[in-house]
Amino acid sequence: MRTEDVLAAVATGLWRWDNASGMVALDSEAARLLGLPAEPVVLPEVAVRSRFHPVDWNEIKAIVDLAVAEGTLAEARLRIVDADGRVLRTVRSRSKPVPTATAHDRIDYELIGTVQEIAEPQPGTTAAHTPITGDWRRSREAFLLDAGRALAEARSTAEVLRVAASLSMPGFSPDGLAVFGVDGDRLSIIGHHGHGPGDETPFTEMRLDTAYPAAEVVRTGRAVYLPTSEEYKRRFPATWKLAEPFGRSSWAFVPLIVAGRTMGAWMAAFKHPVSFSPDERSVLTTVARMLAQALQRAGVTESERELTTGLQRSMMPQLGPEVPGMQIAARYVPTGGGLQVGGDWYDMIPLPSGRFALVIGDVQGHDVRAAGLMGQLRIAVRAYASEGHRPDAVLSRASRFLAGLCSSQEKDGSRGYADGYDGYDGGYGGRYGGRYGGGGHDGGPVHPYADGGYAGGPDPDYTSPRFATCLYMECDPRTGRLEVARAGHPDPVVRMTDGTVLMRPTAGGLPLGIVPDTDYPTTRFTLEPGETLMLCTDGLIETGGHDLDTGWARLRAVLEAEDPAAGGPEAGGPDPGHLEKLADLLVQAVHGPSSHHTTGPLADRREDDIAVVLLCREGAGCGCGASVSPHTRPARRTVLTVAQAEPERISGARRQVRELLHDWADPDQVDSAELMVSEMVTNVLTHTDGDALLVAEAVGELGTRRLRVEVADSSDELPHKRHPGEMASSGRGVLLMEMLADAWGVDPRGEGKSIWFELREQAKAEDCDG
């Protein structure tokens, strides 16, 4: 006996369902069980699908998807219906998904299995009806919950449309979707699914008084259901020819209503007939309401994104024209709080003198008010600089401007701050005062109020005083001379031609806006050819759980590890884009790849806004100009002034020397140099009335270098060799230099003198013995 005969005897048929082509092959018994003539046949998927009860089809699809994912059997019970929707019989399907390769090398699957009739109470009998694959109402509730969650998570109009297209409604899934909006007195197509490119053209800019279902829905706010093509043709004959080519059988046009206002219409079109029962209409109406709310949220989000993007572009200008002999790069990364502009900024300002100024600053906070104050302060600084004021005068005027601006805003509130800035020392002293000589901030509140808050009235955040850190630097591109004034901002950093990185200490004053009339001393130094200078806000240093020391060490490692001459367009040549790559590397060191363009994978570490500006004076070793000669090593040089009123900067002098000798062969010589520098600078501050000027220079090849350190002052009194007693606390300076330096001396000058010492690099004894 043949296998086919055995299967037919037990009312079991075979089928092969090709998901890629959408064709289903049935043997004679399977065809009979599906209510078709009892003969082998190959039918399109829609013809077989129309034989299943809509509820069962929706759930069997989910079972098949699970079986495909897990590689298991798909088993379910299905009700077979006739053309009028009456249940003929119940069958059990057992199928195995088999992967197949399509013409485009895409993996799809075929369902190969059996269909077997099972005994179920027939419709109209008194026997209790056994649920097949689930209850309609439970399926509807689960679907609506899932749809609501998915639509609530969509953040853009495109995401909302993708979610709407992926919804599989219980018992009936549309083959085509379209979302119509309203633009004046015309319809517009917001998006569509299940149609080809250009299919929407006849429906775009259709007048609202057109006899078209979507237009009627928008005009009346009532849904239009068209279960058959005949109904469509009868009610809307003028536009039937537009819908006929799509080959659909049923249509639902449902209004999109938000807060009682019809904002558009949603079309769901079906290739198979749909009667639109009360349950089906309820599902469509609920989905339309959720879709309307999701589209409104997405529209608001996109408008806010467009606004903040425009605000950022207007407040963060592009760098100015190219400067002969110099290269400039900058990056700005807003915090991950959603607002794409904050309180940090940078600017490049052409000056009347032919020079240019670089400005970088950080207004307290990273909210809307910080962004507004930043924009006003940036414009004020640009205006003062364009008038030709010197760096110290620019910052003094900017501080007065910010203090007056915050004062006027405060008067609009219910009350002012009580006793000035009593909380300033506690907010700044331990954080920025010691390192940067003038304070700074970490983006948090400083609590400048004596009584700790407001009694009422407007939001204190919009009436309280704000401060800002700022660094203003005037640059002469011809000579490389820099004049720096600093208001509580981090010091600039210089990368020398051989890769050595030093933080350049500069004099500083209070942050802008703290005290209206504040003096800002100016520091002058020269950016040598081949050197690169970095300015940044504290977000680049401290983001990621770092403090000032560990954050600076992280950035220093990036600056020293970068080889400007590597990776150029020609082997061994300089890379013209080196400065841009270095800016990206610095930002990536804080929060991972993607830098200033998109949110990176470590965006959760972006606790504060970041601004960074790089200035390179073209020359050997910088990566922007000629490459370094392999036979010469450029000199390292640093200059530092220690004023009488700033003895705490002696520690900065020691740090400068140690960083200058970071790769010196003998650590004991580094300790000796640091000790002698501390002694020489301290003697100047103790025994004279002037400032100490420190100049340190290291020249030569690695292992045989020579360090020369000079400390100049305005006094003509020469140092003498003393013989201090055992308990004496001074008088050992000359003795130390005789013991530790390879050479030392005193050079008289026209005004004052210069004390110097030299050290010659040598390996430690134990290293030589080994």
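Everything numeric in this text was worked out from a predicted model, so none of it was measured.

Peer 1: Would you mind going over helix α15 (residues 548–561) with me for this structure?
Peer 2: Because an α-helix packs 3.6 residues into every turn, residues spaced three or four apart end up facing the same way. Taking 1.5 Å of rise per residue, 14 residues should cover 20 Å, and α15 covers 20 Å from first to last C-alpha, within 8% of that figure. All of the buried residues in α15 are L548, G551, W552, R554, L555, R556, V558 and L559. By the N-cap criterion, in which a side-chain oxygen at the helix start approaches the backbone nitrogen of a residue two or three places on, α15 is capped by D547, the distance to D549 being 3.1 Å.

Peer 1: Explanation requested: the nonpolar core in the structure shown.
Peer 2: The tendency in soluble globular proteins is for nonpolar side chains to be buried as a group. Core analysis: the biggest nonpolar cluster contains 34 residues, and F143, V160, L256, W266, L284, V287 and L291 have the highest contact counts within it. For this core, the elements supplying multiple residues, two or more each, are α5 (136–153), α6 (157–166), β7 (176–183), β10 (250–258), β11 (261–270) and α10 (278–315). Excluding anything up to four places from it in sequence, V160 contacts L151, A154, L291, A294, L295 and A298. Among the nonpolar cores identified, the runner-up in size contains 30 residues, and A653, W664, M676 and L685 belong to it.

Peer 1: What am I meant to see in the environment of Y332 here?
Peer 2: Among the structural elements, Y332 can be located in strand β12 (residues 326–333). For Y332, a relative accessible area of 5% puts it in the buried group. Taking the C-alpha atoms as reference points, Y332 and A611, 279 residues apart in sequence, are found 4.5 Å from one another.

Peer 1: What am I meant to see in the packing of helix α18 (residues 667–687) against helix α19 (residues 733–740) here?
Peer 2: Two quantities define a packed helix pair, namely the angle between the helix axes and the distance between the axes. At a minimum axis separation of 10 Å, α18 and α19 run at an interaxial angle of 155 degrees. Compared by their axis directions, α18 and α19 come out roughly antiparallel. Two packed elements cross with a definite hand, and for α18 against α19 that hand is left-handed. Contact with α18, carried on its side by S672, L675, M676, E679, M680 and N683, involves G733, L736, M737 and L740 of α19 and no other residues of that element. Taken together, the residues that form the contact of α18 with α19 break down as six nonpolar, three polar and one charged.

Peer 1: What should I look at first to understand the pattern of salt bridges in this one?
Peer 2: Charged atoms that come close allow side chains of opposite charge to pair. Tallying each qualifying case throughout the model produces 38 salt bridges. Measuring nitrogen to oxygen at the nearest pair gives 2.8 Å for the salt bridge that ties D347 to R382. Linking D347 in strand β13 (residues 344–350) with R382 in helix α11 (residues 368–386), this pair joins segments that are 35 residues apart in sequence. Residue D347 is classed as buried on the basis of its relative accessible area of 3%. For R390, the salt bridge goes to E483, with nearest N and O atoms at 2.5 Å. Here R390 is found in the loop between α11 and α12 (391–411), whereas its partner E483 is found in strand β16 (residues 481–487), with 93 residues between them in sequence.

Peer 1: Just checking my understanding: could you explain the environment of A154 for this structure?
Peer 2: Of note, A154 is situated in the loop between α5 and α6. Here A154 falls in the buried class, since its relative accessible area comes to 5%. In contact with A154, not counting residues within four places along its chain, are E159 and V160.

Peer 1: In this structure, what is going on with the packing of aromatic side chains? I would like to understand it.
Peer 2: Think of a pair of aromatic rings as described by two things: how far the centres are apart, and how the planes are tilted against each other in angle. Within the structure shown, the criterion is met by 10 aromatic pairs. Judged by centre distance (5.8 Å) and plane angle (75 degrees), the rings of Y212 and F253 are edge-to-face. Taken as a pair, Y212 in the loop between β8 (186–193) and α7 (213–220) and F253 in strand β10 lie far apart in primary sequence, 41 residues in all. Overall, the relative accessible area of 0% leaves F253 in the buried class. Judged by centre distance (5.9 Å) and plane angle (85 degrees), the rings of W240 and W251 are edge-to-face. Taken together, the residues W240 in helix α9 (residues 240–243) and W251 in strand β10 connect sequence positions 11 residues apart. W251 carries the same exposure label as W240, and that label is buried. Following the ring pairs from residue to residue traces out a cluster consisting of Y232, F236, W240 and W251. The positively charged end of R504 is found above the aromatic ring belonging to F525, 4.9 Å away from the centroid. Positioned over the ring face of W756 is R708, at 4.3 Å from the centre of the ring.

Peer 1: Just checking my understanding: could you explain the sheet that holds β11 for this structure?
Peer 2: Sheet strands line up and pair through hydrogen bonds in the backbone, either parallel or antiparallel. Taken together, five strands build an open sheet; the order of strands is β8-β7-β11-β10-β9 and the sheet is antiparallel. Of all strands in the sheet, those bounded by a partner on one side alone are β8 and β9 (224–226). With strand direction ignored, the average angle separating the axes of adjacent strands in the sheet is 20 degrees. By the bridge criterion, seven bridges tie β7 to β8 in an arrangement that is antiparallel. Bridging from a neighbouring strand, A178 pairs with H192 of β8.

Peer 1: I would appreciate a short explanation of empty space enclosed by the protein in the present structure.
Peer 2: In this approach, a probe sized like a water molecule rolls over the atoms, and the result shows the empty space that is left. A full pass over the atoms with the stated rule returns two cavities of 30 Å³ or more. Approximately 170 Å³ is the volume found for the largest cavity. When contributions to the lining of the largest cavity are tallied by element, the ones reaching two or more residues are β7, β8 and β10. Looking at the lining of the largest cavity, its residues break down into 11 nonpolar, two polar and three charged. Put simply, the second largest cavity is a space of about 40 Å³.

Peer 1: How should I be thinking about the pairing of strand β6 (residues 107–118) in this particular structure?
Peer 2: Regular strands show a simple pattern: their side chains alternate between the two faces of the sheet. In the sheet, strand β1 (residues 12–18) pairs with β6 via seven bridges, with the strands oriented antiparallel. If you follow T12 over to β6, its bridge partner there is Q116. In terms of strand pairing, strand β5 (residues 87–101) meets β6 through 12 bridges, oriented antiparallel. Following the sheet pairing, K96 is matched in β6 by I112.

Peer 1: I keep staring at the pairing of strand β27 (residues 753–760) and nothing clicks. Help me out?
Peer 2: By the criterion of burial, β27 is predominantly enclosed, with seven of the eight residues buried. Sheet topology note: the strand β25 (residues 706–713)/β27 ladder contains eight bridges and is antiparallel. Following the sheet pairing, E710 is matched in β27 by W756.

Peer 1: What exactly am I supposed to notice about the confidence of the model for the protein chain here?
Peer 2: Low pLDDT means the predicted atomic positions in that stretch should not be read closely. Averaged over the protein chain, the pLDDT score is 78; the fraction of residues at 70 or greater is 77%. Mean pLDDT across the elements of the protein chain bottoms out in helix α13 (residues 424–436) (37) and peaks in strand β15 (residues 468–475) (94). Taken together, the stretch residues 414–458 has pLDDT below 50 and engages in 106 contacts with residues farther than four places along the chain or on a different chain. Scored below 50 in pLDDT, residues 626–631 shows 10 contacts in the model against residues more than four places distant or in partner chains.

Peer 1: Help me understand the packing of helix α17 (residues 650–660) against α18 in this model?
Peer 2: At their nearest, the axes of α17 and α18 sit 9 Å apart, and the two run at 150 degrees to each other. Of the possible angle classes, the one that applies to α17 and α18 is roughly antiparallel. Regarding α17 and α18, the two cross each other, and that crossing is right-handed. Judged by residue contacts, I650, A653, R654, V657 and R658 of α17 engage V670, D671, A673, E674, V677, S678, V681, T682 and L685 from α18.

Peer 1: What is the right way to read the sheet that holds strand β23 (residues 636–642) from this model?
Peer 2: With antiparallel pairing, five strands are arranged side by side in an open sheet as β23-β24-β25-β27-β26. The sheet is open, and its two edges are formed by β23 and β26 (743–748), each paired on a single side. Between one strand axis and the next, the sheet turns by 15 degrees as a mean value, whatever way the strands run. In the sheet, β26 pairs with β27 via six bridges, with the strands oriented antiparallel. For V746, the partnering residue across the bridge sits in β27 and is I755. Against the sheet, α18 contacts β23, β24 (692–699), β25 and β27, and its axis sits at roughly 175 degrees relative to β27.

Conventions adopted
- Residues numbered from 1 in each chain as written.
- Predicted model: local features only at pLDDT ≥ 70, side-chain atom pairs only at ≥ 80, totals over all residues.
- Heavy atoms only, no water.
- Helix = DSSP H or I, 4+ residues; strand = E, 2+ residues; numbered from the N terminus.
- Expected span 1.5 Å × (residues − 1).
- Buried < 20%, exposed > 50% of the residue type's maximum accessible area, 1.4 Å probe, protein only.
- Polar contact = N/O pair within 3.5 Å; in protein donor to acceptor, adjacent residues only side chain to side chain.
- Core = buried A, V, L, I, M, F, W, Y, C linked by side-chain atoms within 4.5 Å.
- Contact = heavy atoms within 4.5 Å.
- Axes fitted to C-alpha atoms, helices over the stretch in contact; angles between N-to-C directions.
- Parallel < 35°, antiparallel > 145°, perpendicular 65-115°, else oblique.
- Left-handed = near helix turned anticlockwise from the far one by under 90°.
- Nonpolar A, V, L, I, M, F, W, Y, C, P; charged D, E, K, R; others polar.
- Salt bridge = Lys/Arg side-chain N within 4 Å of Asp/Glu carboxyl O.
- Phe/Tyr/Trp six-rings, centres within 6.5 Å; stacked < 30°, edge-to-face > 60°.
- Lys NZ or Arg CZ within 6 Å of the ring centre and 35° of its normal.
- Pairing = 2+ DSSP bridges.
- 1 Å grid on protein atoms, 1.4 Å probe; cavity = no way out; pocket = protein on both sides within 12 Å on 5 of 7 lines; lining within 4 Å.
- Points joined across faces, edges and corners; volume = space filled by probe spheres on them.
- pLDDT = per-residue confidence, 0-100.

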